[in-house]
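A closer look at the structure
Below, each chain spelled out in residue letters.
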Amino acid sequence: MAEDRDAEAVEIRAVGPADRALFARVAPEVFDGAVMPERLAAYLGSKDHIMVLALRDGEVVGQVAAVIHRHPDMPDELYIDNLGVTPALQRRGIGRRLMDAVFALGRARGCEEAWVATEFDNRPARALYTRLGPVEDEPVAFYLYEL
């Protein structure tokens, strides 16, 4: 099946400061907006940030970005901040592979839990996150403040 070959041709790779050149070619809708070089450098340069890319033929076709939250009174936890796969390659297991990779990196860096939030009406994201087998938690209220 062509879809399976496309997904198999995708490399999942954690990136750091030396990998900025990989962002020269990014497929549509992988990120919420344009990748800004100065923000990318700051993100990749932070020891508590993790980014994993899905690459196909040198193009970024998916990404997951996460932050390690360190607490004085609780174990470290991994917050999955953003996940995106170009629409042309969605529903082929790439998002799952990205999440599995970021979970493994979080565990390796001492995180005991990971958490993610998404909009209630984002059914594809909710379906993926449910398939990953989360522990059910109480609903939360979300507040956004512009600074």
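This report concerns the structure included in the present document. Everything numeric in this text was worked out from a predicted model, so none of it was measured.

Quick notes on the rules
Residues numbered from 1 in each chain as written. Predicted model: local features only at pLDDT ≥ 70, side-chain atom pairs only at ≥ 80, totals over all residues. Heavy atoms only, no water. Helix = DSSP H or I, 4+ residues; strand = E, 2+ residues; numbered from the N terminus. Buried < 20%, exposed > 50% of the residue type's maximum accessible area, 1.4 Å probe, protein only. Lys, Arg positive; Asp, Glu negative; His and termini not counted. Salt bridge = Lys/Arg side-chain N within 4 Å of Asp/Glu carboxyl O. Contact = heavy atoms within 4.5 Å. Pairing = 2+ DSSP bridges. 1 Å grid on protein atoms, 1.4 Å probe; cavity = no way out; pocket = protein on both sides within 12 Å on 5 of 7 lines; lining within 4 Å. Points joined across faces, edges and corners; volume = space filled by probe spheres on them. Nonpolar A, V, L, I, M, F, W, Y, C, P; charged D, E, K, R; others polar. Axes fitted to C-alpha atoms, helices over the stretch in contact; angles between N-to-C directions.

**Some details on the side chain of Glu77**
Here Glu77 shows up in strand E4 (residues 77-85). Buried charge without a salt bridge: Glu77, with Arg70 as the nearest opposite-charge side chain at an N-O distance of 11 Å. Setting aside chain neighbours within four positions, we find Glu77 in contact with Val67, Ile68, His69, His71, Cys111, Glu113 and Trp115.

**Some remarks on the pairing of strand E3 (residues 59-69)**
In terms of burial, E3 is a largely internal element, 9 of the 11 residues being buried. Sheet topology places strand E2 (residues 49-56) next to E3; 8 bridges connect them, and they run antiparallel. Residue pairing in the sheet places Met51 in a bridge with Ala65 of E3. Taking the residues that link successive antiparallel strands as the turn, the E2-E3 hairpin has 2 residues, and the phi of Asp57 there is positive, at about 55°.

**Comments concerning the pairing of E2**
Within E2, 6 of the 8 residues are buried, which leaves the element mostly enclosed by the surrounding structure. When strand E1 (residues 11-15) meets E2, the two strands line up antiparallel, connected through 5 bridges. Residue pairing in the sheet places Ile12 in a bridge with Ala54 of E2.

**What to know about the layout of surface pockets**
Of the voids in this model, the second largest pocket is the one considered here, and its volume is about 390 Å³. Listing elements by their share of the lining of the second largest pocket, those giving two or more residues are helix H2 (37-45), E3 and E4. Examining the composition of the lining of the second largest pocket, we find that 3 residues originate from one element, H2, more than from any other. In the lining of the second largest pocket, the residues fall into 8 nonpolar, 3 polar and 3 charged.

**Digging into the sheet that holds E2**
With respect to topology, 5 strands assemble into an open sheet ordered E1-E2-E3-E4-E5, the strand pairing being mixed. The open sheet has two free edges, formed respectively by E1 and strand E5 (113-116), since each of these has just one partner strand. The average angle at which neighbouring strand axes cross in this sheet is 25°, direction not considered. Pairing analysis gives 8 bridges linking E3 to E4, with the strands arranged antiparallel. Opposite Ile68, over in E4, you have Leu78 as the bridge partner. Relative to the sheet, H2 contacts E1, E2 and E3, its axis offset from that of E2 by approximately 115°.

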